[in-house]
Amino acid sequence: MDNMEVADDYQQVKDQVAILKARGETVTEEEMIERTLLRGLEEILDYRMDGTFYTVKWNDQKELELYDVYHELSATIKAKGSSLIEDFKQDDQGLWDNFNLSVMAIENR
C-alpha cells in the first residue's frame, strides 16, 4: 500500500481502494483517507517549511497533531464538521486549504 501516491481528492482515494482490493489487499476507504490526510499534511509541511522538523500523528479523537523536533505538541488540526474524514469526503479541496492555513499559522509563530 505504501507505493500509492497521496491522493489529491476523494475520487482518487476511491480509485486507490479499488486498485488495492483488485490486488488482493484488504483496505477500507476510511483507512485510505486517514493515510492520505496524514501523508498529505506531511507533504504540505515539507513544502511550506523547506523540509520539516514536525511529525504528524493521529490522536484518539481522530484529529491530526503536529509535534516539533522536541516531540512537543505544536498544533492540533480539528475537523470543521463531524470528522476530518467526513470533511474530506464533503470538500476535499477545502480540507487541503484548511491544512495549508493551519501550517501557515505555525509558520507565523
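Scroll up to find the structure.
Keep in mind it's a predicted model, so treat the numbers as computed, not measured.

Colleague: I tried to follow the packing of helix H1 (residues 10-22) against helix H2 (residues 29-48) on my own but got confused; where do I start?
Modeller: The axes of two packed helices give the description: the angle between them and the distance between them. At their nearest, the axes of H1 and H2 sit 10 Å apart, and the two run at 125° to each other. For the element pair H1 / H2, the angle class is oblique. In this structure, H1 meets H2 at a crossing whose hand is right-handed. In this structure, H1 uses Tyr10, Val13, Lys14, Gln16, Val17 and Leu20 to contact H2, whose residues at the interface are Glu29, Met32, Ile33, Arg35 and Thr36. Counted by class, the contact of H1 with H2 contains 6 nonpolar, 2 polar and 3 charged residues.

Colleague: Is there a simple way to explain the pairing of strand S3 (residues 73-77) in this structure?
Modeller: The two faces of a sheet get side chains in turn, since along a regular strand they alternate between them. Where strand S2 (residues 64-67) meets S3, 4 bridges bridge the pair, whose relative direction is antiparallel. Bridging across to S3, Tyr67 finds its partner in Leu73.

Colleague: Explanation requested: the side chain of Thr36 in the structure shown.
Modeller: Relative to the helices and strands, Thr36 is located in helix H2. With residues up to four places along the chain from it excluded, the contact list for Thr36 reads Val6, Ala7, Val13, Gln16, Phe88 and Trp96.

Parameters at a glance
- What you see as residue numbers is a count from 1 along each chain, following the sequence as written.
- pLDDT decides what is reported in this predicted model: residues at 70 or higher carry local features, side-chain atom pairs at 80 or more are listed and counted, and totals for whole chains, interfaces and linings draw on all residues regardless.
- Side-chain numbers come from the whole structure's heavy atoms, not from hydrogens or water.
- Here an angle of 0 to 180 degrees is reported between the N-to-C directions of two axes, which are lines fitted to C-alpha atoms, with helices fitted over the stretch in contact.
- The secondary structure listing takes helices from DSSP runs of H or I that are at least 4 residues long and strands from runs of E that are at least 2 residues long, numbered from the N terminus.
- Oblique is the label for every angle not falling under 35 degrees (roughly parallel), over 145 degrees (roughly antiparallel), or within 65 to 115 degrees (roughly perpendicular).
- Two helices cross in a left-handed way if the nearer one is turned anticlockwise from the farther one by less than a right angle. They cross in a right-handed way if the turn is clockwise.
- Note on contacts: a residue pair is in contact if any heavy atoms of the two residues lie within 4.5 Å.
- Under the scheme applied here, ten amino acids are nonpolar (Ala, Val, Leu, Ile, Met, Phe, Trp, Tyr, Cys and Pro), four are charged (Asp, Glu, Lys and Arg), and all others, including Gly, are polar.
- Two strands qualify as a pair provided that DSSP identifies no fewer than 2 bridges between them.

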